[in-house]
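Spelled out from the first residue to the last, the chains are:
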Amino acid sequence: MLTGAETEVVLLSFQVAGWSVLVSVVPGILLGWLFARWHNPARALLQGLVMLPLVLPPVVTGYVLLWLLGRSGPLGSAWHSVTGGHIAYTTAACVIAAAIVGFPLMVEGIRLSVLGVDRRLEDVSRSLGRGRGATFLRVTLPLSLPGVVAGAVLSFARALGEFGATIVIAGNIEGQTRTIPVAVYTLLNAPGGEPGVMRLAGVSVAIALVALLVAFWLGARQRRRVSA
Amino acid sequence: MIEMRTRHSVRGFTLDVHFESAGPVLGIFGASGSGKTTLLHCVAGLLKPRDARISVNTRMVCNRPGGTWVPPERRKCALVTQEPLLFPHLSTRGNLAYASGAKDALESDSGWKIVDVLRLKPLLDRNTASLSGGEKQRVALGRALLSKPEMLLLDEPTSSLDAELARDVLSLLLQVKLELKVPMLFVTHKAGELMALADDCVVLESGKVISQGAPVNVLSKPRAIGVANLVGVDNLLRLEVLRHDEAGGVTLLAMGADVALAAPLCASAPGKTVSVGLYADEVMLCLENPAGISARNALACDVTRISEMGHEVLVELKIGLQSLRARLTPSAAHELGLAQGTHVVALIKTSAIHMLG
């Protein structure tokens, strides 16, 4: 079984991943919908920007975040002058790092499932007196919900595994920013840390497997529903 | 009912139309690719043409460039398409109650009338996935009517259904027209449907209006008949009235020298020319002149051409100066040994002949 410190690490990881999904789900839905339905040359640029963390080395993403959110960074110093606090090296920084790297998976999942919704249903809805917003909430969103959940599950799993950006922007502070991957890295460098590594690795594999299965199942459900 | 002047180009196709119509049912007729659906989408507001003036029931909904633009949700023009497009995540009741205000409408007397006319009551609590094609289309029609539209936009609502269900939906539309009195813009490529439902008709060809008028008049013009022949094989004849037999309930029409067609009694004076329509399915062929039959017409004729199309055979006949088409099954054509030049007798019930004016 897990030791007290390890349990703390797992719980913190879940908190960080959970918050990262919570803060990104609404913007994820909006951008996923925009990328599926908006036909404008500017879309490609925006889409590339959102997808960037998927292909960038996470350490580089972390460095960019540090540059933005660090004490002397433009956002970090503005935050400090308003609230008096800091973002870098806090649990909030973990959440931000996890949200940024998980975001492309979320947006892409939602975009694909919005693309699967028959546009003619939206046309009919509008001809029945429902505006763009109401049509989105009553037709598009419910029909793409499995994709939203699948995207959220994948980005949750990705957030749990986030290491590179986290270590740069949030560091390795026990109880605050030491998530599963950071803890594994720490244990690997400590003498006698191997059993702890094994336990945390087992937890990681189990969570990732469950998340992937849930995402696949939801994807299949969506396809069945669209073809029905 | 509608006034429209629109120029809209999309991917190399240009819709350029100008017409007005008092309806109440305006048919938009044309072959596929003639711009019927584009026109309908302009009225619905689903397309935003650069240059257009459209008013529905005297309300300006689009005056561009520069002027009014009413978005689709505020036009009160409810769309019913070829496929029913029911919302798959909602129940039948949820679909019917979808439009704004439809939930209350469904509980009201006028709502119940719609449910009644469309025979929706037994469908209310069923899952939409379990409905048949015809039932789905009835629900789609009910959903549109319950939005209390100023106008119904019907985009070939029967063409995904087989012949029998299509006739059922057509008769429902006729009831909707007569009992609920909802104006309609009715896109179709079937001449029969046009004649049954529309009061006025616009014929489109390559994005342009080539004629407009009562369906009867429009369809009797050769150019439009060309369109009708493209997609249907109805017989459309222009015949002279010989005389009326009031006691017998028939009017005799000249098919040629000494050949008369007994049609339902009509008001046109002898010597006038009338249009009649006749489905090719309603013509029965016989090798010999039968005795003791109720059908008023047993016309001797010659087979001029036989064409097989899938599971049906189209036989073209010459009667006097007129030609007529009959649709048979391949087995019937085979059993009768029909060939070009065969003498046959065409049997037609008087009631199968539709007086078109």
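Cut-offs used in this document
- Residues numbered from 1 in each chain as written.
- Chains lettered and ligands numbered in written order.
- Predicted model: local features only at pLDDT ≥ 70, side-chain atom pairs only at ≥ 80, totals over all residues.
- Heavy atoms only, no water.
- Helix = DSSP H or I, 4+ residues; strand = E, 2+ residues; numbered from the N terminus.
- Buried < 20%, exposed > 50% of the residue type's maximum accessible area, 1.4 Å probe, protein only.
- Contact = heavy atoms within 4.5 Å.
- Areas by Shrake-Rupley, 256 points an atom, 1.4 Å probe, with all protein chains shown as cover.
- Lys, Arg positive; Asp, Glu negative; His and termini not counted.
- Charge placed at Lys NZ, Arg CZ, Asp CG, Glu CD.
- Pairing = 2+ DSSP bridges.
- Axes fitted to C-alpha atoms, helices over the stretch in contact; angles between N-to-C directions.
- Buried area = accessible area lost by both parts, 1.4 Å probe.
- Salt bridge = Lys/Arg side-chain N within 4 Å of Asp/Glu carboxyl O.
- Polar contact = N/O pair within 3.5 Å; in protein donor to acceptor, adjacent residues only side chain to side chain.
- Nonpolar A, V, L, I, M, F, W, Y, C, P; charged D, E, K, R; others polar.
- Domains from an automatic or database assignment.
- 1 Å grid on protein atoms, 1.4 Å probe; cavity = no way out; pocket = protein on both sides within 12 Å on 5 of 7 lines; lining within 4 Å.
- Points joined across faces, edges and corners; volume = space filled by probe spheres on them.
- Parallel < 35°, antiparallel > 145°, perpendicular 65-115°, else oblique.
- Left-handed = near helix turned anticlockwise from the far one by under 90°.
- Core = buried A, V, L, I, M, F, W, Y, C linked by side-chain atoms within 4.5 Å.

S.K.: Quick question: what am I supposed to make of the overall build of chain A here?
M.R.: Helix and strand counts for chain A come out as 10 helices and zero strands. Sequence-ordered secondary structure for chain A, helices as α and strands as β, is α-α-α-α-α-α-α-α-α-α. In terms of its C-alpha atoms, chain A occupies a principal-axis envelope of roughly 65 × 45 × 25 Å. For chain A, buried positions account for 43% of its 228 residues. The contacts in chain A between residues at least 6 apart in sequence include a share of 72% that link residues at least 24 apart. On chain A, roughly 11400 Å² of surface is accessible, and the fraction owed to carbon and sulfur atoms is 72%. Positive and negative side-chain charges of chain A, numbering 17 and 9 respectively, have mean locations separated by a distance of 13 Å.

S.K.: Got a minute to help me understand the sheet that holds strand S13 (residues 259–264) of chain B in this structure?
M.R.: Sheet strands pair by backbone hydrogen bonding; their relative direction is either parallel or antiparallel. Residue and element names in this part refer to chain B. Ordered by their spatial adjacency, five strands build an open sheet running S13-S12-S11-S14-S20, and the pairing between neighbours is antiparallel. Taken across any chain shown, the strands that pair with only one partner, and hence form the sheet edges, are S13 and strand S20 (354–355). Pairing analysis gives five bridges linking strand S11 (residues 235–245) to strand S12 (residues 250–256), with the strands arranged antiparallel. The residue bridging His244 from the neighbouring strand is Thr251, located in S12.

S.K.: Would you mind showing me how to read helix H4 (residues 109–117) of chain B here?
M.R.: Since one α-helical turn is 3.6 residues long, residues separated by three or four positions face the same way. Within H4(B), burial applies to B:Gly111, B:Ile114, B:Val115 and B:Val117. On the buried face of H4(B), the contacting elements are helix H3 (102–107), helix H5 (133–145) and helix H6 (163–180) of chain B.

S.K.: Can you help me understand the sheet that holds strand S15 (residues 284–286) of chain B in this one?
M.R.: All names here are of chain B. Reading across the sheet, the five strands line up as S15-S19-S16-S17-S18 and stay open at both edges, with antiparallel pairing between neighbours. Of all the strands in the sheet, the pair left with one neighbour each is S15 and strand S18 (322–328). Direction aside, the axes of adjacent strands within the sheet are offset by 45° on average.

S.K.: What is the right way to read the interface of chain B and chain A from this model?
M.R.: Size of an interface: often given as the accessible area lost when the parts come together. Contacts between chain B and chain A engage 19 residues on the former and 19 residues on the latter. For the pair chain B and chain A, the summed buried surface comes to about 1800 Å²; carbon and sulfur atoms form 63% of the total. Among the residues of chain B in contact with chain A, B:Glu73, B:His89 and B:Tyr98 are the three that bury the most area, contributing 36% of the side total. Counting across the chain B and chain A interface gives two salt bridges. Measuring nitrogen to oxygen at the nearest pair gives 3.4 Å for the salt bridge that ties B:Glu83 to A:Arg120. The tally of links between chain B and chain A comes to six residue pairs in polar contact (both at pLDDT 80 or more). Contributing elements (two or more residues each) for the side of chain B that touches chain A: strand S6 (77–80) and H5 of chain B. Of the residues forming the side of chain B that touches chain A, the biggest block, three residues, is contributed by S6(B). Across the side of chain B that touches chain A, the residue classes break down as 13 nonpolar, three polar and three charged.

S.K.: Just to check I follow, could you spell out the domain arrangement of chain B for this structure?
M.R.: For chain B, the assigned domains read domain 1 (2–231) and domain 2 (235–355). The gap between the C-alpha centroids of domain 1 of chain B and domain 2 of chain B is 34 Å.

S.K.: Is there a simple way to explain empty space enclosed by the protein in this structure?
M.R.: Left-over empty space is what a probe sized like a water molecule reveals as it rolls over the atoms. Residues and elements named next belong to chain A. Under the definition given, this model contains two cavities of 30 Å³ or more. Estimated volume of the largest cavity: approximately 40 Å³. Forming the walls of the largest cavity are Ser13, Val16, Cys94, Ala98, Ala159, Leu160, Glu162, Thr166 and Thr179. Listed by contribution, the elements that provide at least two residues to the lining of the largest cavity are helix H1 (4–37), helix H5 (91–115) and helix H7 (132–160). Among the residues making up the lining of the largest cavity, the classes are represented as five nonpolar, three polar and one charged.

S.K.: Which parts of the structure should I look at to understand the packing of H5(A) against H7(A)?
M.R.: The description of two helices packed together rests on the angle between their axes and the distance between the axes. All names here are of chain A. Direction vectors running N to C along H5 and H7 enclose 155°, while the axes themselves pass 7 Å from each other. Of the possible angle classes, the one that applies to H5 and H7 is roughly antiparallel. Between H5 and H7 lies a crossing whose hand is right-handed. Mapping the contact onto sequence places Ala98, Val101, Gly102, Leu105, Met106, Gly109, Ile110, Ser113 and Val114 in H5 and Thr140, Ser144, Gly147, Val148, Gly151, Ala152, Leu154, Ser155, Arg158 and Ala159 in H7. Broken down by class, the residue content of the contact of H5 with H7 amounts to 10 nonpolar, eight polar and one charged.

S.K.: How do you make sense of the nonpolar core when you look at a structure like this?
M.R.: Inside soluble globular proteins, nonpolar side chains tend to come together where they are buried. Residue and element names in this part refer to chain B. Leu145 and Leu152 are the most contacted members of the largest nonpolar core, which has 53 residues in total. Among the elements that make up this core, the one with the highest residue count is H6 (seven residues). Apart from the residues within four sequence positions on either side, Leu145 is in contact with Ile114, Leu118, Leu152, Val176, Leu180 and Val182.

S.K.: Would you take a moment to explain the pairing of strand S16 (residues 297–309) of chain B for this structure?
M.R.: Residues in a regular strand project their side chains so that they alternate between the two faces of the sheet. All names here are of chain B. The sheet contact formed by S16 and strand S19 (residues 343–348) spans six bridges and is antiparallel. Each bridged residue has a counterpart across the sheet, and for Ala300 the counterpart in S19 is Val345. Here seven bridges tie S16 to strand S17 (residues 312–319), and the two strands are oriented antiparallel to one another. Across the sheet, Asp302 pairs through a bridge with Lys318, a residue of S17. Once S16 ends, the chain turns through two residues before running back antiparallel as S17, passing Gly310 with a positive phi of about 60°.

S.K.: I keep staring at the pattern of salt bridges and nothing clicks. Help me out?
M.R.: Side chains bearing opposite charge may pair, as long as their charged atoms lie close to each other. Tallied over the full model, the rule gives 18 salt bridges over all chains. One salt bridge in this structure joins B:Lys177 and B:Asp199, with 2.9 Å as the shortest N-O distance. In this pair, B:Lys177 is assigned in helix H6 and B:Asp199 in the loop between helix H7 (191–197) and strand S9 (200–205), connecting sequence segments 22 residues apart. Connected through shared salt-bridge partners, A:Asp118, A:Arg120 and B:Glu83 make up one network.

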